[in-house]
Amino acid sequence: MSRLVELESNGPRTLDPADIDDEKGDVAVCQCGLSESFPFCDGSHRRTDDEDAETTYVYEDGERSVVERVVTRDEE
Ligand code: FES
């Protein structure tokens, strides 16, 4: 599975001690691209549990769609 993720930031997010989870004592960084609290994991990755390994998805406005084909600049 893969996901198309659209990001708008053009700089880093610096973590500080306040970012540490009080209960778990760690910082969970989102790697799925779906978190509403990006760059932190908020559990939204659970929506990807049933994704197919060979399919590319896009999540938009709470809906999941399948992307049929992604054309990259190298393919033009
Ligand atoms: S890894 Fe993205 S929300 Fe948890």
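Structure: see above.
None of the values given here were measured: they were computed from a predicted structure.

Caption draft 1: Up close: the side chain of Glu51. Turning to its location among the elements, Glu51 is positioned in the loop between strand E1 (2–4) and strand E2 (56–60). For Glu51, a relative accessible area of 10% translates into the label buried. Look past the residues within four positions of Glu51 in its chain and what remains in contact with it is Met1, Arg3, Tyr57, Tyr59 and Arg64.

Caption draft 2: Local environment of the side chain of Thr56. On the secondary structure map, Thr56 appears in strand E2. Note on Thr56: relative accessible area 19%, which makes it buried. One polar contact links Thr56 to Ser2, side chain to side chain, over a distance of 2.8 Å. With sequence-adjacent residues up to four places away left out, Thr56 is seen in contact with Ser2, Leu4, Ser65, Val66, Val67 and Val70.

Caption draft 3: Highlighting the environment of Glu63. With respect to the helices, strands and loops of the structure, Glu63 is situated in strand E3 (residues 63–67). Its relative accessible area of 54% is what places Glu63 among the exposed residues. Setting aside its immediate chain neighbours within four residues, Glu63 contacts Arg47 and Val58.

Caption draft 4: Local environment of the pattern of salt bridges. Counted by the stated rule, this structure contains 3 salt bridges. Between Asp19 and Arg13 there is a salt bridge, with its nearest N and O atoms 3.4 Å apart. On the accessibility criterion, Arg13 (44% relative accessible area) is partly exposed. For the salt bridge of Arg64 with Asp50, the shortest nitrogen-to-oxygen distance reads 2.8 Å. With Arg64 in strand E3 and Asp50 in the loop between E1 and E2, this residue pair connects regions lying 14 residues apart in the sequence. The class of Arg64 is partly exposed, set by a relative accessible area of 35%.

Caption draft 5: Looking closely at the layout of surface pockets. Approximately 640 Å³ is the volume found for the largest pocket. Along its surface, the largest pocket is lined by 21 residues, and Val5, Glu6, Leu7, Gly33 and Ser35 are the ones closest to its centre. Ranked by the residues each element gives to the lining of the largest pocket, the list is headed by E2, at 3 residues. The class makeup of the residues in the lining of the largest pocket is 9 nonpolar, 5 polar and 7 charged.

Parameters at a glance
- Residues numbered from 1 in each chain as written.
- Predicted model: local features only at pLDDT ≥ 70, side-chain atom pairs only at ≥ 80, totals over all residues.
- Heavy atoms only, no water.
- Helix = DSSP H or I, 4+ residues; strand = E, 2+ residues; numbered from the N terminus.
- Buried < 20%, exposed > 50% of the residue type's maximum accessible area, 1.4 Å probe, protein only.
- Contact = heavy atoms within 4.5 Å.
- Polar contact = N/O pair within 3.5 Å; in protein donor to acceptor, adjacent residues only side chain to side chain.
- Salt bridge = Lys/Arg side-chain N within 4 Å of Asp/Glu carboxyl O.
- 1 Å grid on protein atoms, 1.4 Å probe; cavity = no way out; pocket = protein on both sides within 12 Å on 5 of 7 lines; lining within 4 Å.
- Points joined across faces, edges and corners; volume = space filled by probe spheres on them.
- Nonpolar A, V, L, I, M, F, W, Y, C, P; charged D, E, K, R; others polar.

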